[in-house]
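Residue strings, one per chain:
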Amino acid sequence: MGIKGLTGAAARCGCHSYAHKELIRRLQGNRCEVCERAGEVEVHRIRSLNDLGRLDSPSPDWKKLMAKRRRKALVACGACHERIHTGKPNTTLTQ
């Protein structure tokens, strides 16, 4: 029993949790979760949801999206991923 898109031992072990399967499915969608553009994507990860800090103060859209989904991983295009790391504002979320 394998996971579509994985090969070798990773596909055969069956030890992938739901969160990993979900992330694989999100990656296979090839759509940025920040700007929703289709194309090549990357994953932005944080260690803990607590790293997002308090969301009652102005927060970047990507932080709000991760907190809303309660996920430590965000699938982003290269441009949005770069903006996350440089702290520049992202485009408005369409989701």
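Everything here concerns the structure above.
Residues numbered from 1 in each chain as written. Predicted model: local features only at pLDDT ≥ 70, side-chain atom pairs only at ≥ 80, totals over all residues. Heavy atoms only, no water.

Some points on the pattern of salt bridges
Scanning the model with the defined rule gives three salt bridges in all. A salt bridge links Arg26 to Glu33; its shortest N-O distance comes to 2.7 Å. There is no split in this pair, since Arg26 and Glu33 are both buried. Between Arg69 and Glu33 there is a salt bridge whose closest N-O contact spans 3.0 Å. Linking Arg69 in helix α3 (residues 61-69) with Glu33 in the loop between α2 (18-28) and β1 (41-45), this pair joins segments that are 36 residues apart in sequence. Note on Arg69: relative accessible area 26%, which makes it partly exposed. Overlapping salt bridges bring together Arg26, Glu33 and Arg69 as one network. (Salt bridge = Lys/Arg side-chain N within 4 Å of Asp/Glu carboxyl O. Buried < 20%, exposed > 50% of the residue type's maximum accessible area, 1.4 Å probe, protein only. Helix = DSSP H or I, 4+ residues; strand = E, 2+ residues; numbered from the N terminus.)

Re unusual backbone geometry
One non-glycine residue, Glu36, adopts positive backbone phi at about 65 degrees. Within the secondary structure layout, Glu36 lies in the loop between α2 and β1. By relative accessible area, which is 29% here, Glu36 ends up partly exposed. A positive phi angle, close to 55 degrees, is found at Arg70, a residue other than glycine. Mapped onto the elements of the fold, Arg70 is located in the loop between α3 and β2 (73-77).

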